[in-house]
Amino acid sequence: MKNYSKLILPVLFLFLSGNSLSQIFSDRDKSECNNRFAIAFEKNLSEKPIGDIITEVGKTFLNTPYEAHTLEVADKEQLVINFSGLDCTTFLETTFALARCIKQNKTTFDDFKNELQLIRYRDGKLDEYPSRLHYFSDWIFNNAKKGLIKDVTKEFGGKPIKFKVNFMSENPHMYKHLKVNPEFVEEIKNQEQEINKREYYYIPESEISKAESKIQNGDLIALTTSDKGLDIGHVGIAVKMPDGKIHFMHAPLVGSKVQISESSLSDYVKQIKKHTGIIVLRAL
């Protein structure tokens, strides 16, 4: 008798919704999503400010394993949902999408899928690989344009910064979709050039402690980086702890789990040399 187990497992994990070939998720993901909506209903979270909803939802992911490259599971760009393993960006996006659904009292799995697509893709439209907002500075710009967030960094005394991104177009061999579709590289390069024209604001690491009192529970935090060709090195969520200080909820790195930093946000940023400061985003 032939062993079909190796064929069956991927089918269980990669569940294609209905007849659509643009969505990948498992039955477990659907269940995990609905469980969070049930908890939100029990706690009447929709009545809370959106920032508090974000932190409450984010805490339901604590101890979820870090998993890299979860969005690169198919040959073509698809809406990938994975509640079982998260990197820093998918943790932030998944939490933000759930929180927005709860606040709007739109709590079906289809509502969540629509919200996640709106957040993750340029103008909310899933097309080919370049339609995903790969650089987080571009994510900021596009989601602000959609009216989903407000960049409040300048209001907090932020300093001007211009990025010089080119990492993706200079290293297409590191990206599955760019290796398979070299024609996308030029499109990515054009996007990089647009990012490099913009002026952003950031709070240098030495000044974060001064601005910390203005940061609210549930603000989205992007950490600027000194890595060549990149803009943002890490993202997470601001959490106001009992000590009155802002801490950082995030999915740190391979081998770790979603967690809240033991130290304050200011001290956390200083601990890693490549982090140069933060951008603060407020959900609308």
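From a predicted model like this one, the values you see are computed outputs, not experimental measurements.

Chemist: For this particular structure, what's the right way to read the overall build of the protein?
Modeler: From N to C terminus, the protein includes eleven helices and eleven strands. Its C-alpha atoms give the protein a radius of gyration of 19 Å, near enough to 19 Å, the size a compact globule of 284 residues would have. In terms of its C-alpha atoms, the protein occupies a principal-axis envelope of roughly 65 × 50 × 35 Å. Counting across all 284 residues of the protein, residues that qualify as buried make up 50%. A total of about 14,000 Å² of accessible surface is found on the protein, and carbon and sulfur atoms cover 51% of it. Taking the average location of the 39 positive side-chain charges in the protein and that of its 38 negative ones, the two points are 2 Å from each other.

Chemist: Please explain helix H5 (residues 109-120) as it appears in this structure.
Modeler: Three- or four-residue spacings in an α-helix give side chains the same orientation, since the helix completes a turn every 3.6 residues. Compared with the 16 Å implied by 1.5 Å per residue over twelve residues, the 16 Å span of H5 between its first and last C-alpha is a close match. For H5, the set of buried residues is Phe109, Phe112, Lys113, Glu115, Leu116, Ile119 and Arg120. The buried residues of H5 occupy one face: seen down the axis, they fall within an arc of 165 degrees. Packed against the buried residues of H5 are strand S2 (23-25), helix H2 (27-42), strand S3 (79-80), helix H4 (88-103) and helix H6 (136-145).

Chemist: Where do I start with the nonpolar core in this structure?
Modeler: Soluble, globular proteins show a tendency: their nonpolar side chains are buried together. In this structure, Phe96, Phe112, Phe136, Trp139 and Leu220 are the most contacted members of the largest nonpolar core, which totals 59 residues. Looking at this core element by element, the count peaks at nine residues for H4. Phenylalanine 136 has contacts with Leu92, Ala222, Asp231, Ile232, Val235 and Leu281, leaving out every residue within four places of it along the chain. Counting residues in each nonpolar core, the second largest holds 16 residues, with Ala211, Ile215, Leu265 and Val269 among its members.

Chemist: Hey, could you run me through the pattern of salt bridges in this one?
Modeler: Once their charged atoms are close, side chains differing in charge can pair, the charge on each being opposite to the other. For the structure shown, the criterion picks out 18 salt bridges. The closest approach of N and O atoms between lysine 76 and glutamate 128, which form a salt bridge, is 3.6 Å. Here glutamate 128 lies in the loop between H5 and H6 and lysine 76 lies in the loop between helix H3 (50-59) and S3, a separation of 52 residues in the sequence. Overall, lysine 76 belongs to the exposed group, its relative accessible area being 52%. For arginine 100, the salt bridge identified is with glutamate 115, shortest N-O distance 2.4 Å. Here glutamate 115 lies in helix H5 and arginine 100 lies in helix H4, a separation of 15 residues in the sequence. Exposure remark for arginine 100: the relative accessible area of 12% places this residue in the buried category.

Chemist: Can you help me understand the packing of aromatic side chains in this one?
Modeler: The geometry of two aromatic rings is summed up by the distance between their centres and the angle between their planes. If you walk through the whole model with that rule in mind, you get nine aromatic pairs. Measuring from centroid to centroid gives 4.8 Å for phenylalanine 25 and phenylalanine 109, while their planes differ by 70 degrees, and the two rings are edge-to-face. In this pair, phenylalanine 25 is assigned in strand S2 and phenylalanine 109 in helix H5, connecting sequence segments 84 residues apart. Here the two residues phenylalanine 25 and phenylalanine 109 agree in accessibility, since each one is buried. Three or more aromatic residues joined by ring pairs form one cluster here, namely Phe25, Phe61, Phe83, Phe91, Phe109 and Phe112. Positioned above the aromatic ring of phenylalanine 141, the side-chain terminus of arginine 198 is 3.7 Å from the ring centre.

Chemist: Even after reading the chapter, I still don't get the packing of H3 against H4, so can you show me in this structure?
Modeler: A packed helix pair is summarised by two numbers, namely the angle formed by the two axes and the spacing between the axes. Running from N to C, H3 and H4 cross one another at 125 degrees; their axes reach a closest spacing of 9 Å. Relative to H4, H3 is oriented oblique. Both H3 and H4 take part in a crossing whose hand is right-handed. On H4, the residues that touch Ile50, Ile53, Ile54, Val57 and Gly58 of H3 are Phe91, Thr95, Phe96, Leu98, Ala99, Arg100, Ile102 and Lys103.

Thresholds applied
Residues numbered from 1 in each chain as written. Predicted model: local features only at pLDDT ≥ 70, side-chain atom pairs only at ≥ 80, totals over all residues. Heavy atoms only, no water. Helix = DSSP H or I, 4+ residues; strand = E, 2+ residues; numbered from the N terminus. Rg over C-alpha atoms; globule rule 2.2 N^0.38 Å. Buried < 20%, exposed > 50% of the residue type's maximum accessible area, 1.4 Å probe, protein only. Areas by Shrake-Rupley, 256 points an atom, 1.4 Å probe, with all protein chains shown as cover. Lys, Arg positive; Asp, Glu negative; His and termini not counted. Charge placed at Lys NZ, Arg CZ, Asp CG, Glu CD. Expected span 1.5 Å × (residues − 1). Arc of directions from axis to C-beta. Contact = heavy atoms within 4.5 Å. Core = buried A, V, L, I, M, F, W, Y, C linked by side-chain atoms within 4.5 Å. Salt bridge = Lys/Arg side-chain N within 4 Å of Asp/Glu carboxyl O. Phe/Tyr/Trp six-rings, centres within 6.5 Å; stacked < 30°, edge-to-face > 60°. Lys NZ or Arg CZ within 6 Å of the ring centre and 35° of its normal. Axes fitted to C-alpha atoms, helices over the stretch in contact; angles between N-to-C directions. Parallel < 35°, antiparallel > 145°, perpendicular 65-115°, else oblique. Left-handed = near helix turned anticlockwise from the far one by under 90°.

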